[in-house]
Every structure is written in structure tokens, then in C-alpha cells.
Amino acid sequence: MQAEYRQRREQLMAKIGTGTAIFRSAPTAVMHNDVEYVYRQESDFFYLTGFNEPEAVLVLAPHHEEHKFVLFVQAKDPEKEIWTGYRAGVEGAKELYGADEAYPIAELEEKLPKYIQDSDRIYYRLGRDRGFNETILKHWQRFMGMYPKRGKGPIAIEDPSPILHAMRQIKSPAELDLMRKAAVISIEAHNYAREIAKPGRYEYEIQAEMEHIFRLRGGNGPAYPSIVASGENACVLHYIENNRQLQENDLLLIDAGCAYGYYNADITRTFPVSGKFTSEQRAIYEIVLEAQSQAMEQVKPGNPWNQMHDAAVRVIVEGLLELGLLDGDIEEIIKEEKYKPFYMHRTGHWLGLDVHDAGVYQHGEQAQTLQPGQVLTVEPGIYINPNIKPAEGQPEVESRWRGIGIRIEDDVLVTSNGQEILTAGVPK
Ligand code: GLY
Ligand code: MN
Ligand code: MN
């Protein structure tokens, strides 16, 4: 992988020319008191280095004579490492991660200016780390103050995301290997969940069995908090309490996926825990299944990305009209989004190092077009919340429909001749 990280840095450096790009590591997060969550690097930082330690700064200075790739890292500290584990340290940053130069993070203030002073702009995304934002602004102001005398220096601070995230959107073969692995493990977990989900079992038992498989197969763990939502819990989009007992005739919506090598899978399936749909459940399920199938057909290179959403919405509105859950003119319902009480989210998102991955969806008025190497989810749903208030002028929802929540979600790779469904191994 080191060769690939280098290639990514070189690609970015070729695009920023005489700028200097600076990335801040993710902060550590406290679980409670002095106990921390497992550390996970910020995705841009990881994408460019594979370096998974906090308190670090990555500098890419393509115009610098010797040091184009610089890491500021936690210094080695044998005493601290006994408690918190191995640190690469300054030597490791060079030997293991290929930095041209590395410094202890304590030397940032002193050493950073020499990588900025001859650049014509700083590429940095002003982020949540206010203290670090201040550091960047301070150096920038200082060089701007000297600009009249020097006639050079970083005249602007620019967000590197448009350049870097366009790169991250197109997955390399090595990235796809990791995403396929994440998918395969998640498929196994979903298939096992379907085997064991029976009336009487608890949502958390299903969650536990799935997350057991995530870790057992070498994954990092869940890609996001697993949603195991039975009955009307499925109408809460981010339901994660997972503490209800499954009842006869419940549907179970499971939205769970694992991370592998920090790449994510994101799968949703909804099925009847007693093995048989009620007629209302079946009617809604078939609409969602058809919506997903038609949305999926729109996933091919050259298509505007939102075409799949439009296709899903049309199938959902047609279906709900047929069932009498919506009423009126189909075009008007779509235009005025009167379906939104039943379908309130988008049909998908980019997927990769982040579950809702980097990359734009729109270029101004123009939707992003799909290109080979992109991975996205296709995840339509219908949710008939028990407390649903239909849009104005729409029929009341009969009680037999209330509490049904269904989503079907797959991960799809855009290929040069169409698509590959990475998560096809879970039946629908
Ligand atoms: N599980 C998060 C999502 O489906 O977007
Ligand atoms: Mn999901
Ligand atoms: Mn998703």
C-alpha cells in the first residue's frame, strides 16, 4: 500500500503546483472520563498516508527542494507507549511511512513556516479543530504582512477538498479489494441474521451476532451504529437502541455493515421475522423492491447521479397511489414532494473511507455524472410512521398500514460497462 499512498500524494502535489497542502489528524474522542474511543484517523489524512495516529500534521510541499512530504508526529515516549501503545515516532514516520522529513509535533510552530513561506497558497480545510485553524491563520497573516517586502508568499487559503475528494471518489483496485472484503463480511452477517431472527429474540441479540462476525472476520467493526429495527422502530431512520423483542408478524429492518481496512460497507435488508409477509407488508415491500431495481438500472457511467433517485421516487409514488396512500396527479405529487411523509431521504450516497463518502453531488445546476470507479449506495424506502401526518390534501392513513418501515440498500460500483453490485449476496 505504501506505493499507492505515495502515488496519491504525487497526484495531489501535481495538482497543487506551488501550493502547500496541510492536513490535521482526527482528534481523539473521549468515551467517558479518561477512557477514549478507539482511534480512527481522519479520512483525507489516512488516504494520503495510511498513518493512524492522533496529534499529527501532514504537509505536502511540492515546491520544496528536499522535503515534499513532511509529517509532524507524536514523539516516541517509551513510558507513554506502555499505556497507549506503539507510536511510529519521527524515525518511523520516515522509515515506515516514507516521509522525506519528520518532526515531533511539538516543533510544528517552529518548522511549519519553512514549508509555507515559498508557496503561493495554503491548501487547508478550515475544520473543527479551532486551535489548529488559528495556527494556520496566524502563519498566513504573518506571511501576508511580509508580502510587500518579499513579493511572495501564500496569498490565499484554499480548501483542498474539491481536488482531493474528486480523487477519493474514483476507487483504485486496491481500494476496491478492501470494499469487496467489507461487503463479503457484511453479507455473511446479514445472511446469518436472517437465519436467527425469530419472534422472541431481541434486536440486540441480532446486532451482537452480526458485529461478532464483523470482528471475527478481521473487520475494524461496524461501519456505523448498527440499526436493528423491528416493527414500527423501522420508521425511525437512525434507530440504534436495538432493545425490543421481536414479535410475530414483525418486519425486521437491519441496516448494518462493517469496515475493513477502514473502508465501509452499508447494507439494509427488511424481512418478516415469522417468515411470511402480511398482505400490507408485502404490498409495500414490492414497491420498495421495484423502486430499488429501477433505481439500480440508472447506475451506469454517464448518467446524472440523481437519475436513480428520480426513478425510485416515481416507482414509490406510483405504488402509493395505487394503494390509496397518496391521492392526486403523479407529476404534481412528485414536483411538490408530497411523498415526503413516506420517503424523506435521498436514494443513496457515495461510499468509501467515509460511509457518507467524500465527493460532490452537484456542480452548480448540473448533477454529477456517474463514472467508472465510483461506489454508491442505492437505498430507497417507505416509512409509514404510526404518527404520520399526511401532506395537505392527502388521504388519512388507515391503521393497517401504520408502523410499516421498509428499506433495501445495496452498494454498487460503477464500471465501464455498467455496474457491479458488491452486496448482491444477501437475498431480497
Ligand atoms: N446507514 C447509514 C446510511 O444508510 O446512510
Ligand atoms: Mn445504511
Ligand atoms: Mn446508506
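Values in this document were obtained by computation on a predicted structure and should not be read as measured data. (Residues numbered from 1 in each chain as written. Chains lettered and ligands numbered in written order. Predicted model: local features only at pLDDT ≥ 70, side-chain atom pairs only at ≥ 80, totals over all residues. Heavy atoms only, no water.)

The strand order across the open sheet built from three strands is S10-S11-S14, with neighbouring strands paired in antiparallel fashion. Since the sheet does not close on itself, it has two edges, and those belong to strand S10 (227-230) and strand S14 (267-272), each with one partner. Going across the sheet, the axis of each strand differs from the next one's by a mean of 10°, ignoring polarity. Pairing between strand S11 (residues 251-256) and S14: six bridges, direction antiparallel. By the bridge assignment, Leu253 is partnered in S14 with Thr270. (Pairing = 2+ DSSP bridges. Helix = DSSP H or I, 4+ residues; strand = E, 2+ residues; numbered from the N terminus. Axes fitted to C-alpha atoms, helices over the stretch in contact; angles between N-to-C directions.)

Metal coordination angles in their ideal form are 109.5 degrees for the four-donor tetrahedron and 90 or 180 degrees for the six-donor octahedron. Every protein donor of the manganese ion (ligand 3) is accounted for by Asp266 (OD), His349 (NE2), Glu379 (OE) and Glu409 (OE), and the metal-donor separations fall at 2.0 to 2.2 Å. Here the manganese ion (ligand 3) is ringed by six donor atoms whose angles at the metal span 51 to 157°, and the overall shape comes out irregular. Going along the chain, you hit the donors of the manganese ion (ligand 3) in the pattern D-x82-H-x29-E-x29-E. In this structure the manganese ion (ligand 2) is found 3.3 Å away from the manganese ion (ligand 3), and Asp266 serves as a bridging donor for the pair. Taken together, the residues span a long stretch of sequence, with Asp266 in the loop between strand S13 (263-264) and S14 and Glu409 in the loop between strand S19 (405-407) and strand S20 (410-415) at a distance of 143 residues. Residue Asp266 shares its accessibility class with Glu409, and that shared class is buried. (Donors = N, O, S within 2.8 Å, 3.2 Å for Na, K, Ca; no water. Tetrahedral: all angles 85-135°; square planar, octahedral: opposite > 155°, others 65-115°. Buried < 20%, exposed > 50% of the residue type's maximum accessible area, 1.4 Å probe, protein only.)

Geometry of a packed helix pair, given as the angle between the helix axes and the separation of the axes. Between helix H10 (residues 173-196) and helix H11 (residues 203-216), whose axes approach to 9 Å, the crossing angle comes to 150°. When the interaxial angle is binned, H10 and H11 end up roughly antiparallel. In this structure, the crossing between H10 and H11 has a hand that is right-handed. Contacts between H10 and H11 involve Ile185, Ser186, Glu188, Ala189, His190, Tyr192, Ala193 and Ile196 on the former and, on the latter, Ile206, Glu209, Met210, Ile213 and Phe214. In the contact of H10 with H11, the residues fall into nine nonpolar, two polar and two charged. (Parallel < 35°, antiparallel > 145°, perpendicular 65-115°, else oblique. Left-handed = near helix turned anticlockwise from the far one by under 90°. Contact = heavy atoms within 4.5 Å. Nonpolar A, V, L, I, M, F, W, Y, C, P; charged D, E, K, R; others polar.)

Moving on to helix H12 (residues 279-297). When the terminal C-alpha atoms of H12 are compared, their 27 Å separation across 19 residues agrees well with the 27 Å that a helix rising 1.5 Å per residue should span. Where H12 is concerned, the buried positions are Glu280, Gln281, Ile284, Tyr285, Ile287, Val288, Ala291, Gln292, Ala295 and Met296. Across the axial projection of H12, the buried residues extend over an arc of 165°, all falling on one side. What points out from H12, more than 90 degrees from its buried face, is the exposed set Ser279 and Glu297. (Expected span 1.5 Å × (residues − 1). Arc of directions from axis to C-beta.)

Time to look at the site of ligand 1. Within the structure, ligand 1 sits among Tyr224, Asp255, Asp266, His349, His356, Glu379 and Glu409. Separating an oxygen atom of ligand 1 from a side-chain N or O atom of His349 is a distance of 3.0 Å. A distance of 3.1 Å separates an oxygen atom of ligand 1 from a polar atom in the side chain of Glu379. Its free accessible area being 200 Å², ligand 1 has 87% of it covered by the protein chains. Grouping the amino acids of the shell around ligand 1 by side-chain chemistry returns one nonpolar, two polar and four charged. (Near = heavy atom within 4 Å. Polar contact = N/O pair within 3.5 Å; in protein donor to acceptor, adjacent residues only side chain to side chain. Areas by Shrake-Rupley, 256 points an atom, 1.4 Å probe, with all protein chains shown as cover.)

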